[in-house]
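Commentary on secondary and tertiary structure
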Amino acid sequence: MGLEKLHPFDAGKWGKVINFLKEEKLIADDLIVQAREATDEDLFVVHTRRYLNKLKWSFVVATITEIPPVAFLPNFVVQRKVLKPLRTQTGGTIMAGKLAVDRGWAINVGGGFHHCSSDKGGGFCAYADITLAIKFLFERVQGVSKATIIDLDAHQGNGHERDFMDDHRVYIMDVYNRYIYPGDGFAKRAIKRKVELEWGTEDTEYLQKGIVKRDEVVFKAARRRRIPILMVTSGGYQKRTARIIADSILNLHNLGLIDKELATSGAVNPKVEQMIRDSAKDLTNLSLQ
């Protein structure tokens, strides 16, 4: 419908990331675990019924997504064209959490809706996928008792901070510009390691080199300690962001921080194909528990 053109963000960046990785022959269609749309039952693990009912009003969704014309669309259209893709990305984050535990790492090319909490959306974030992924693991995967959120988006991740305010199992590190949205003072109380950046932090070098190096440092720390790591890619919506994300993933692969046997293209890899089938089966069971 062209709704993405009504928002200043590049809402098509996720598909572009996939295409860039295919061009570099890092991935192929048969090595991508397709995300499943999060069901109401899944969403109720975190979200209140009252909040999900609010999403049945188009003007509420327009406010959350910051696309005013959405308010004038019938809600069935909003559900199909706006919220279903977000629910699918949310399902992808939940699935990726389980995959990370199974194989040590996972990347959801999407998700990362860190402004949404259990009862409030905002900042283009309608579903609390980060909270959902962690709570699914706590409640439904044996042996997972602690989690760390390292939020490196320029904006404060107030959604997951509000959700885990009093949960000592979750350690939150947040690096953000203190002067921009959302400026949520209450949510800041949940941050265990707070890094507030000042105006004037240079964009050019950081975006072109810093993001790739930043992701490398985090993955090295987790992989060295054998801590399962899940990366979501929602932060950053400029036209060049998709290329930067793809370059970061390529760098992780080149350094051996994401398993090379999981990044074959063209060649048949029975071990990988069986792992994907087994993981998909496990994820279905996870949702039904």
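Each remark here, short or long, concerns the structure printed above.
Residues numbered from 1 in each chain as written. Predicted model: local features only at pLDDT ≥ 70, side-chain atom pairs only at ≥ 80, totals over all residues. Heavy atoms only, no water.

**Focus on the pattern of salt bridges**
In plain terms, the rule: Every case where a carboxyl oxygen of Asp or Glu lies within 4 Å of a side-chain nitrogen of Lys or Arg is listed as a salt bridge. Each helix corresponds to a stretch of at least 4 residues labelled H or I by DSSP, and each strand to a stretch of at least 2 residues labelled E; elements are numbered beginning at the N terminus. Categorising residues by exposure relies on relative accessible area from a 1.4 Å probe, with only protein chains included: less than 20% of the type maximum marks a residue as buried, more than 50% marks it as exposed, and the intermediate range marks it as partly exposed.
Scanning the model with the defined rule gives twelve salt bridges in all. Two residues, R178 and E198, come together in a salt bridge whose shortest N-O distance is 3.3 Å. Of this pair, R178 sits in the loop between β3 (170–177) and β4 (193–197) while E198 sits in the loop between β4 and α8 (203–224), and the two are 20 residues apart along the sequence. With a shortest N-O distance of 3.1 Å, E196 and K188 are connected by a salt bridge. By relative accessible area, which is 22% here, E196 ends up partly exposed.

**Points about the packing of aromatic side chains**
Threshold: Aromatic pairing here means that ring centres of Phe, Tyr or Trp (its six-membered ring) are within 6.5 Å. Orientation follows from the plane angle: under 30 degrees is stacked, over 60 is edge-to-face, and everything else is tilted. Working rule: Lys NZ or Arg CZ, within 6 Å of ring centre, within 35 degrees of ring normal, means a charge sits over the ring.
Scanning the entire structure with this criterion turns up two aromatic pairs. The positively charged end of R140 is found above the aromatic ring belonging to F136, 4.5 Å away from the centroid. Above the plane of the ring of F20 lies R243, whose end atom (NZ or CZ) is 4.5 Å from the centre.

**Side note on helix α6 (residues 129–140)**
We count it as follows: Helix span, as expected, comes to 1.5 Å for every residue beyond the first.
Over its twelve residues, α6 runs 16 Å from end to end, which matches the ideal 16 Å to within 8%, given 1.5 Å per residue. Summarising burial for α6: ten of the twelve residues are buried, a large majority.

**Quick notes on the packing of helix α4 (residues 58–65) against helix α5 (residues 75–103)**
For clarity, the threshold we go by: A fitted line through C-alpha atoms represents every axis, and for helices the fit uses only the stretch in contact; the resulting angles, taken between N-to-C directions, go from 0 to 180 degrees. Every angle not falling under 35 degrees, over 145, or within 65 to 115 is termed oblique; those three ranges are roughly parallel, roughly antiparallel and roughly perpendicular. We call two residues in contact when some of their heavy atoms are within 4.5 Å. Three classes are used, and their members are as follows: Ala, Val, Leu, Ile, Met, Phe, Trp, Tyr, Cys and Pro are nonpolar, Asp, Glu, Lys and Arg are charged, and the others, Gly among them, are polar.
At a closest axis distance of 10 Å, the pairing of α4 and α5 adopts a crossing angle of 30°. Classified by the angle their axes make, α4 and α5 are roughly parallel. In this structure, α4 uses S58, V61 and T65 to contact α5, whose residues at the interface are N75, V78, V82 and L83. When the residues that make up the contact of α4 with α5 are grouped by side-chain class, the tally is four nonpolar, three polar and no charged.

**Some words on the environment of H47**
Stated precisely, the cut-off is as follows: The term polar contact refers here to a pair of N or O atoms within 3.5 Å; inside protein, the definition further demands a hydrogen-donor-capable atom paired with an acceptor-capable atom, and it admits residues adjacent in sequence only when both atoms are side-chain atoms.
Positionally, H47 belongs in the loop between α2 (40–43) and α3 (49–54). Once the C-alpha coordinates of H47 and A128 are considered, the two residues, 81 residues apart in sequence, prove to be 7.8 Å apart. Not counting residues up to four positions away in its chain, the partners in contact with H47 are L52, C116, S117, S118, A126, Y127, A128 and L132. At a separation of 3.0 Å, a polar atom in the side chain of H47 contacts the main-chain carbonyl oxygen of S118.

**Remarks on the sheet that holds strand β2 (residues 147–151)**
Note the cut-off: Two strands make a pair as long as DSSP finds a minimum of two bridges between them.
Reading across the sheet, the three strands line up as β2-β3-β4 and stay open at both edges, with parallel pairing between neighbours. Of all strands in the sheet, those with a lone pairing partner are β2 and β4, marking the two edges. Ignoring strand direction, the axes of neighbouring strands in this sheet form an average angle of 5°. In the sheet, β2 pairs with β3 via five bridges, with the strands oriented parallel. Its bridge partner lying in β3, A147 is registered against V170. Of the strands in this sheet, β2 and β3 touch α6, which is tilted by about 165° from β2.

So far we have only geometry, and geometry alone does not tell us how the molecule works.
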